[in-house]
Amino acid sequence: MGDCHYLEGNVRAERRVEYAKGLLDQIGLGADRLEMHLISSAMGREFAETTVEMTERMKQLGPSPLRRRGNEK
Amino acid sequence: MNEFEPQIVAFCCHFCAYAAADLAGSLRLQYPTNLKVIRLPCTGKLDTLHVLKAFEEGADGVMVAG
Amino acid sequence: MIVGEQKPLEEIKELVADYERILVLGCGTCVTVCFTGGEKEVGILASSLRMATKIDGQGKVFDEDTVQRQCEWEFLDAVEQEIKEHDLILSTACGIGVQAIVERFPQARVAPAINTTFLGLPEEHGLWTERCAACGECMLHQTAGVCPIARCAKSLMNGPCGGSQDGKCEIDPEVACAWQLIYDRLKAQGRLDQMLEITPARDWSTSRDGGPRRLVRQDLRID
Ligand code: SF4
Ligand code: SF4
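None of the values given here were measured: they were computed from a predicted structure.

**A look at unusual backbone geometry**
Move 1: Residue Pro160 of chain C is bonded to the preceding Gly159 of chain C through a cis peptide linkage, with omega at -5 degrees.
Move 2: Within the secondary structure layout, Pro160 of chain C lies in the loop between helix H7 (148–151) and strand S8 (168–169).

Here's what the structure looks like:
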């Protein structure tokens, strides 16, 4: 936090992510499907690792309930 | 289940995470191909509507990075 | 502006339960500027409902539109066709807008997606507070521009009461005592003598107590 080009854009984003998580729970998608990560421009390795880890977590969760119902676009 | 490749949409700040993704690329680091990166001028631009649209269009997960 | 707050999604899901083709109709005026029922909020609500009902296995249609003002016939007429093609109009306007729809199109089924909360202003980004109770007889000239009807918990004409402590109202330490605000402002303007003037008991018939109100302006009438 605070390591932001626009000073506090990511702090605001975090609050919005929290709000959206609540909405995802109400919708039935589940807050777990939305993640916020703080990654600065020098963190190329962390970026790659985070995406790999998140992919793993999403695999655990399984496909989105919207896709599971055969509602795929 | 084995075949399941989660679709992930990543909203990345132009100055932080997007640059990090670039760096990861130039370091030849592997990251999942199922990741769709959307560049924002700043994650402060993140809009609840964008997150919902990503899910509506079939994303299994959404990542916000900045 | 008229300030409102969206109802919880769970509650809205119940409101739409018996309908299939739903139009989420926004309003481009008050509820847009308080981020409750403008085009963007309509988008968020419709998207949420599409997904929620799909997950529940119902899969309803939620179309979206926003008119400039739901409380004027002209703007509603512009979406007449759309209103008629849907079996429920889920309005994100204030209660006036919701009523206007069904007055103009008596066959329309309407449901409110928001709770109309008060007349107020954005004090800070993300914080709205009440300012006026539409009492029908404005007295702001006596109170240095602070409304004791809407902002004093007891709507006292001659305050403050004994519950005023350190500038806060006894109902809630977060709420400023309106009469303290009046006192401070009068003092700053050098007219504390105004505090000594006794305001007589008021005639509340101009307010809600007199029943639904109407306003006629002969100069504006056409026939
Ligand atoms: S319908 Fe309500 S919210 Fe919309 S303009 Fe009229 S008063 Fe304002
Ligand atoms: S005195 Fe009446 S009209 Fe004036 S601001 Fe207060 S409630 Fe509104």
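**Some remarks on the sheet that holds strand S1 (residues 34–37) of chain A**
Strand pairing in a sheet is mediated by backbone hydrogen bonds. Such pairs are either parallel or antiparallel.
Move 1: Taken together, four strands build an open sheet; the order of strands is S1(A)-S3(B)-S1(B)-S2(B) and the sheet is parallel. Only two strands of the sheet have a single neighbouring strand rather than two, namely S1 of chain A together with strand S2 (35–40) of chain B. Taken over all neighbouring pairs, the strand axes of this sheet differ in orientation by 20 degrees on average, direction set aside.
Move 2: The pairing of strand S1 (residues 8–13) of chain B with strand S3 (residues 61–65) of chain B spans five bridges and is classified as parallel. The residue of S3 of chain B that forms the bridge with Ile8 of chain B is Gly61 of chain B.
Move 3: Across the sheet, helix H1 (residues 9–27) of chain A touches S1 of chain A together with S3 of chain B, and the angle it forms with S1 of chain A is around 165 degrees.
Move 4: Helix H2 (residues 44–61) of chain A contacts S1 of chain A together with S1, S2 and S3 of chain B of the sheet and is inclined by roughly 155 degrees relative to S3 of chain B.

**Looking at the interface of chain B and chain A**
Move 1: At the junction of the two partners, chain B supplies 42 residues and chain A supplies 41 residues.
Move 2: The contact between chain B and chain A buries some 3,400 Å² in all, and 71% of this surface belongs to carbon and sulfur atoms.
Move 3: The interface formed by chain B and chain A includes two salt bridges.
Move 4: Salt-bridge contacts for Glu5 of chain B lead to Lys59 of chain A; the nearest nitrogen and oxygen are separated by 3.7 Å.
Move 5: At the surface where chain B touches chain A, the tally comes to 13 residue pairs in polar contact (both at pLDDT 80 or more).
Move 6: Of all the elements in the fold, those that place two or more residues in the side of chain B that touches chain A are S1, helix H1 (17–26), helix H2 (48–56) and S3 of chain B.

**Details of the sheet that holds strand S3 (residues 61–67) of chain C**
Residue and element names in this part refer to chain C.
Move 1: If you trace the four strands from one edge of the open sheet to the other, you get S3-S2-S4-S5, paired in parallel fashion. In this open sheet, the two strands that pair with only one neighbour each are S3 and strand S5 (110–112). For this sheet, the mean inter-axis angle between neighbouring strands, taken without regard to orientation, is 25 degrees.
Move 2: Running over the sheet, helix H6 (residues 95–104) touches strand S2 (21–27), strand S4 (88–91) and S5 and is turned about 180 degrees from S5.

**Some points on the site of ligand 2**
Move 1: Looking at ligand 2, the residues that line it are Cys132, Ala133, Ala134, Cys135, Cys138, Met139, Leu140, Cys147 and Ile149 of chain C.
Move 2: Across the shell around ligand 2, the residue classes break down as nine nonpolar, no polar and no charged.

**Thoughts on the state of the cysteines**
Residues and elements named next belong to chain C.
Move 1: All chains considered together, the criterion is met by zero disulfides over all chains.
Move 2: Cys161 forms no disulfide, and the closest cysteine sulfur to it belongs to Cys152, at a distance of 6.5 Å.
Move 3: The exposure class of Cys161 is partly exposed, given its relative accessible area of 28%.

**Concerning the interface of chain B and chain C**
Move 1: Opposite the seven residues of chain B that make contact, chain C presents eight residues.
Move 2: Buried area between chain B and chain C, both sides added, is near 630 Å², and the carbon and sulfur share of it is 61%.
Move 3: If you sort the residues of chain B by the area they bury against chain C, Leu49, Leu52 and Glu56 of chain B come out on top, with a joint share of 68%.
Move 4: Scanning the region where chain B abuts chain C turns up two salt bridges.
Move 5: Here Arg50 of chain C ties to Glu56 of chain B by a salt bridge, and the two come within 2.4 Å at their closest N and O atoms.
Move 6: Scanning the region where chain B abuts chain C turns up three residue pairs in polar contact (both at pLDDT 80 or more).
Move 7: Taken together, the residues of the side of chain B that touches chain C break down into three nonpolar, one polar and three charged.

Reading guide: rules and limits
Every chain is numbered on its own, with residues counted from 1 as its sequence reads. Think of it this way: whatever chain is written first is A, whatever ligand is written first is 1, and the rest follow in order. Per-residue local features of the predicted model are confined to residues with pLDDT of at least 70, and side-chain atom pairs are confined, for both listing and counting, to 80 or more; whole-chain, interface and lining totals are unaffected and use all residues. In computing side-chain properties, one takes all heavy atoms of the structure into account and sets aside hydrogens as well as water. Note on conventions: DSSP H or I runs of at least 4 residues are helices, E runs of at least 2 residues are strands, and numbering of each starts at the N terminus. Strands were regarded as paired on the criterion that DSSP finds at least two bridges between them. For every element, the axis is a line fit to its C-alpha atoms; helices are fit only across the contacting stretch, and the angle between N-to-C directions ranges from 0 to 180 degrees. The contact criterion used is simple: two residues touch if any of their non-hydrogen atoms lie within 4.5 Å. Here the quantity called buried area is the total loss of accessible area, with a 1.4 Å probe, experienced by two parts when brought into contact, counted for both. For this document, the term salt bridge refers to a Lys or Arg side-chain nitrogen within 4 Å of an Asp or Glu carboxyl oxygen. Contacts described as polar in this section are N or O atom pairs within 3.5 Å, which, within protein, must combine one atom able to donate a hydrogen with one able to accept it, while residues neighboring in sequence count only if both atoms come from side chains. Here a residue is near a molecule or strand as soon as one of its heavy atoms is found within 4 Å of it. Here the term charged refers only to Asp, Glu, Lys and Arg, the term nonpolar to Ala, Val, Leu, Ile, Met, Phe, Trp, Tyr, Cys and Pro, and the term polar to all other amino acids, Gly among them. In this description, the term disulfide denotes a pair of cysteine sulfurs within 2.5 Å. The buried label goes to any residue with under 20% of its type's maximum accessible area, the exposed label to any with over 50%, and the partly exposed label to all in between, with areas taken from a 1.4 Å probe on protein chains only.

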